[in-house]
Structures are given as structure tokens and as C-alpha cells.
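Structural characterization, general
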Amino acid sequence: FDLDKNITIEGTGLGLAITKKLVTLMNGKIVVQSIYGKGSKFTVALDQKVINKEFIEVEESVDNEILDLTGKKILLVDDNNLNLKVATRLLEKYKANIIAINSGIECLEQIKKGEIYDIILLDDMMPKLSGVETLKQLKQIENFNIPTIALTANAINGVKEKYISEGFDDYLSKPIDKQELNKIIKKFMK
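Structural notes, computed from the coordinates.

About the cut-offs
- Residues numbered from 1 in each chain as written.
- Predicted model: local features only at pLDDT ≥ 70, side-chain atom pairs only at ≥ 80, totals over all residues.
- Heavy atoms only, no water.
- Helix = DSSP H or I, 4+ residues; strand = E, 2+ residues; numbered from the N terminus.
- Buried < 20%, exposed > 50% of the residue type's maximum accessible area, 1.4 Å probe, protein only.
- Contact = heavy atoms within 4.5 Å.
- Areas by Shrake-Rupley, 256 points an atom, 1.4 Å probe, with all protein chains shown as cover.
- Axes fitted to C-alpha atoms, helices over the stretch in contact; angles between N-to-C directions.
- Parallel < 35°, antiparallel > 145°, perpendicular 65-115°, else oblique.
- Left-handed = near helix turned anticlockwise from the far one by under 90°.
- Nonpolar A, V, L, I, M, F, W, Y, C, P; charged D, E, K, R; others polar.
- Pairing = 2+ DSSP bridges.
- Phe/Tyr/Trp six-rings, centres within 6.5 Å; stacked < 30°, edge-to-face > 60°.
- Lys NZ or Arg CZ within 6 Å of the ring centre and 35° of its normal.
- Arc of directions from axis to C-beta.

Re the overall build of the chain
If you tally the helices and strands in the chain, you get seven helices and seven strands. Counting helices and strands in the order they occur from the N terminus, the chain gives α-α-β-β-β-α-β-α-β-α-β-α-β-α. For the chain, the proportion of its 190 residues judged to be buried stands at 33%. Intrachain contacts of the chain at a sequence separation of at least 6 include 60% that bridge at least 24 residues. Accessible area for the chain stands at about 13300 Å²; split by element, carbon and sulfur atoms hold 52% of it.

Observations regarding the packing of helix α4 (residues 104-112) against helix α5 (residues 131-139)
Two elements in contact, α4 and α5, have axes whose closest approach is 9 Å; the angle formed by their N-to-C orientations is 15°. Comparing their axes, α5 and α4 come out roughly parallel. Judged by the twist between their axes, the crossing of α4 over α5 is right-handed. Within the contact between the two elements, α4 uses G104, C107, L108 and I111 and α5 uses T134, Q137 and L138. Residue composition of the contact of α4 with α5, grouped by class: four nonpolar, three polar and no charged.

A closer look at the sheet that holds strand β5 (residues 119-123)
Spatially, β4-β3-β5-β6-β7 is the arrangement adopted by the five strands of the open sheet, whose pairing is parallel. Two strands bound the open sheet, and with one partner strand each, they are β4 (97-101) and β7 (170-173). Here the strands of the sheet are splayed against their neighbours by 20° on average, with no regard to which way each runs. Pairing analysis gives four bridges linking strand β6 (residues 148-152) to β7, with the strands arranged parallel.

Let's talk about the packing of aromatic side chains
All chains considered together, the criterion is met by two aromatic pairs. A ring pair is formed by Y163 and Y171, whose centres lie 5.9 Å apart and whose planes are at 15°; its orientation type is stacked. Clustering of aromatic rings is evident, with ring pairs tying together Y163, F168 and Y171. Lying across the ring of Y117, K73 places its NZ or CZ 4.8 Å from the centre. Positioned above the aromatic ring of Y163 is the side chain of K162, whose terminal nitrogen or guanidinium carbon lies 4.3 Å from the ring centre.

So, α5
For α5, the full list of buried residues reads G131, V132, T134, L135 and L138. Looking down the long axis of α5, one finds its buried residues gathered within 160° of arc, a one-sided arrangement. Contact partners of the buried residues in α5: α4, β5, β6 and α6 (159-165).

Structure follows, in C-alpha cells:
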């Protein structure tokens, strides 16, 4: 309810709506107790029947090849410093030059002053200028053709198609999965 105080908190409420739907589908109940400013307690009750069943592990073929991106530049845009640190750590193994900034406005300034990047990882949920709004303005800059990947905590069905229809080249959900990141890096930086 306190928008000014909570503007940088991503996904407020969406996770609860999804959880409630899942609990309801499993014929369960979810109860919330909340005191503003102190916290919330969520209790889920599910009737379960325990079945002894043997599981067979299937090994997926995983492509763990890490590209050497020495000399390449990656622009990482997110208003949350912790997200920037985590993403930077995940990207370090590629040996690229990683530039981490906090807003869509800074992103636009970087491109307008002639900085060239090989890929942009752009968070959508940012105050003042969202990732979608930032991308729209980037596309108005003459000769802008840098692959731009949407970063978002929004992981519901159809969201990838939504971001691609908005002009993004691809999509990564947060928290970032190492293998998905590797696929994106290989797709756009090989």
C-alpha cells in the first residue's frame, strides 16, 4: 500500500496469487496473518498421502562449455544492487568486461554517448523508466542494434512472448539460471 516505500520491491503479491492457485488446485488452504510494518505469516495446509515409489534419475545432456568473451562488453542494468552483484558473479566466468548500472536512464546515457556493447541485460521492473520503456527509447537511437535481453522476476507462462513482442531479443527470468544464461550468451555472443 505504501508505494513510495516499496517501489523497488519486485513481484509484491504476484507470488502469493500463484501460491494460492497452486494450493487451491491441490485441495488445500492458505491462511495469512499480517501486521503492517512487522511482517506476515503464511500457513499452507495440504492433505497428502505418502506413497513409496522408486524414482529413476534421468541425466540431461547439459552443455557446460563456457565461451571466452575477452574483449567483449556486457551492459547489465538493474535498480537492485544485490541483483547486479549476483548477475556480475554469474557473468565473470565469461571474462567479458561487465558494466553494471542502476537505471534505464543511465543505460540511455551510455548508448547516446557512443558506448558500444555486445549485449544488454535489462531489468524490466525499475522505477522511473521500466526496461520496456528504456528499450523503446533505445530503438529510437539511430543505428541501435545491440541484442537486448529482458531480465525479470515475472516467470509466468507467455511472458517470454510478451517481451519479444515488446522488441526484446530474448528473456531471462530471475533468479538467473546458469544454464539459461549460458544458452543466451552462446546464442547472441558466439
